[in-house]
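# Structural overview
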Amino acid sequence: MRHLLDTRTLSREEAIRILDVAEDMADTQSREVKKLPTLRGKTVVNLFFEDSTRTRISFEAAAKRLSADVINFSAKGSSVSKGESLQDTAQTLQAMAADAVVIRHGASGAPHTLATSGWISAGVVNAGDGTHEHPTQALLDAFTMRRRLHGAASRGRDLDGVRVAIIGDVLHSRVARSNVWLLATLGAQVTLVAPPTLLPQDLSAWPVDVSYDLDDTLAAGQDAVMVLRIQLERMNASFFPSEREYSRRWGLGRERFARLSGGTIVMHPGPMNRGLEISPAAADSGRSTVLEQVTNGVSVRMAALYLLLSGERGTDQTTNEEGR
Ligand code: NCD
């Protein structure tokens, strides 16, 4: 794997390979000594142009547990125009011989630009770009579903026939987009549930069903419900009448949660707006995978960095597996 920029172009085999390597990584994470020597001498740069806590520390933990050196570069607030600043920053990282760059950027497509610009030779991992994609989040979500639903027999398997409802602010969500593509590739059946104002206008190319009634969708039976954060920071207009109205119709409140059928798991990428899109009753229940998602995120990111940096990279790299 040369870069990890999106899930849209990830094949089923590539996705399952990442999930299986993540299983191997997870096995090592239950040991007392969690650190592996695998990426000793490699340098991973976390390049974050947008605020992030959990994703940045998750990538940092993943790189450190593989013994890579980690440089955290928080570039938020730079006033230089986006293209120029990205080029300058990239060339600086190239001069420092970064092996992998993990980038989060407010502009959709920034990781792709970085990967294809020729400014750097490092492998690029998209850690969230605008409203476009957040591939490692979707991979950790798929990993979490696979483990909850298939248990010890997860390896090698996809999510064929698994029913997933993705609820809420799909319009602004890169998590939703990455999940839609990956879940479709893995054979899951996805239903988007949201007010029309929080859905993209043209969904004709999306492999999903759409519903405007959350209770109907939940009554139909779902294996997983994925609640999205209302992304107030990306909203410059009124997308719903009031927070109370949103909670009432689209939130996973206490009563709605209590009506969920037997094995349904409750997912949320974090950070949660408790009391808005999700109630504490749902978020803190035994069906909630919120903290498992965080734990699994480290294993999935270890897998991604390992596959990028360990010699299993594409043939367009500058050195091959023999180091030539
Ligand atoms: C997501 C993101 O930043 O896209 N969060 C995350 O990666 N931890 C989702 C969100 O912010 O709602």
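Residues numbered from 1 in each chain as written. Predicted model: local features only at pLDDT ≥ 70, side-chain atom pairs only at ≥ 80, totals over all residues. Heavy atoms only, no water.

So, on to the packing of helix α2 (residues 54-65) against helix α11 (residues 290-309). Packing of α2 against α11 brings their axes to within 8 Å, and their N-to-C directions diverge by 55°. Put simply, α2 runs oblique to α11. Considering how the two elements wind past one another, α2 and α11 form a crossing that is right-handed. Within the contact between the two elements, α2 uses R54, T55, S58, F59, A61, A62, A63 and R65 and α11 uses V294, G297, V298, R301, M302 and L305. Within the contact of α2 with α11, the residues separate by chemical class into 8 nonpolar, 3 polar and 3 charged. (Axes fitted to C-alpha atoms, helices over the stretch in contact; angles between N-to-C directions. Helix = DSSP H or I, 4+ residues; strand = E, 2+ residues; numbered from the N terminus. Parallel < 35°, antiparallel > 145°, perpendicular 65-115°, else oblique. Left-handed = near helix turned anticlockwise from the far one by under 90°. Contact = heavy atoms within 4.5 Å. Nonpolar A, V, L, I, M, F, W, Y, C, P; charged D, E, K, R; others polar.)

Turning to the pairing of strand β6 (residues 189-193), a few remarks are in order. When you tally the buried positions in β6, you get 4 out of 5 residues, the bulk of the element. Pairing analysis gives 5 bridges linking strand β5 (residues 163-167) to β6, with the strands arranged parallel. Along β6, the bridge assignment pairs V164 with V190. Handedness of the β-α-β unit built from β5, helix α6 (residues 174-185) and β6 comes out right-handed. Pairing analysis gives 3 bridges linking β6 to strand β7 (residues 209-211), with the strands arranged parallel. Considered in β7, the bridge of L192 is made with V210. (Buried < 20%, exposed > 50% of the residue type's maximum accessible area, 1.4 Å probe, protein only. Pairing = 2+ DSSP bridges. Right-handed = clockwise from strand over helix to strand, strands pointing away.)

With that settled, the discussion passes to the domain arrangement of the protein. By domain assignment, the protein separates into domain 1 (12-133 + 294-309) and domain 2 (135-289). Taking only C-alpha atoms into account, the centre of domain 1 sits 25 Å from that of domain 2. With 28 residues of domain 1 at the contact, the number on the domain 2 side is 29 residues. Counting each side, the surface lost to burial between domain 1 and domain 2 is near 2,400 Å², with a carbon and sulfur contribution of 54%. When the buried surface of domain 1 facing domain 2 is broken down by residue, L19, E23 and E133 rank first, second and third, together holding 25% of it. (Domains from an automatic or database assignment. Buried area = accessible area lost by both parts, 1.4 Å probe.)

Attention shifts here to the pattern of salt bridges. As enumerated under the stated definition, the model contains 17 salt bridges in all. A salt bridge links R148 to E292, with the shortest nitrogen-to-oxygen separation between them at 2.5 Å. In this pair, R148 sits in helix α5 (residues 135-150) while E292 sits in helix α11, placing the two residues 144 residues apart along the sequence. According to the relative accessible area criterion, R148 is partly exposed, its value standing at 31%. Connected through shared salt-bridge partners, D20, E23, R146 and R147 make up one network. (Salt bridge = Lys/Arg side-chain N within 4 Å of Asp/Glu carboxyl O.)

What surrounds the ligand is the set R54, T55, R104, H134, Q137, R174, V175, R229, Q231, P269 and G270. A distance of 2.7 Å is found between an oxygen atom of the ligand and a side-chain nitrogen or oxygen belonging to H134. Here R174 contributes a side-chain N or O atom positioned 2.7 Å from an oxygen atom of the ligand. Calculation on the ligand without its partners gives an accessible area of 320 Å², and the protein chains cover 94% of this total. Sorting the residues of the shell around the ligand by element identifies α2 and α6 as the ones contributing at least two each. Grouping the constituent residues of the shell around the ligand by class yields 2 nonpolar, 5 polar and 4 charged. Two domains each provide a minimum of three residues to the shell around the ligand, namely domain 1 (12-133 + 294-309) and domain 2 (135-289). (Near = heavy atom within 4 Å. Polar contact = N/O pair within 3.5 Å; in protein donor to acceptor, adjacent residues only side chain to side chain. Areas by Shrake-Rupley, 256 points an atom, 1.4 Å probe, with all protein chains shown as cover.)

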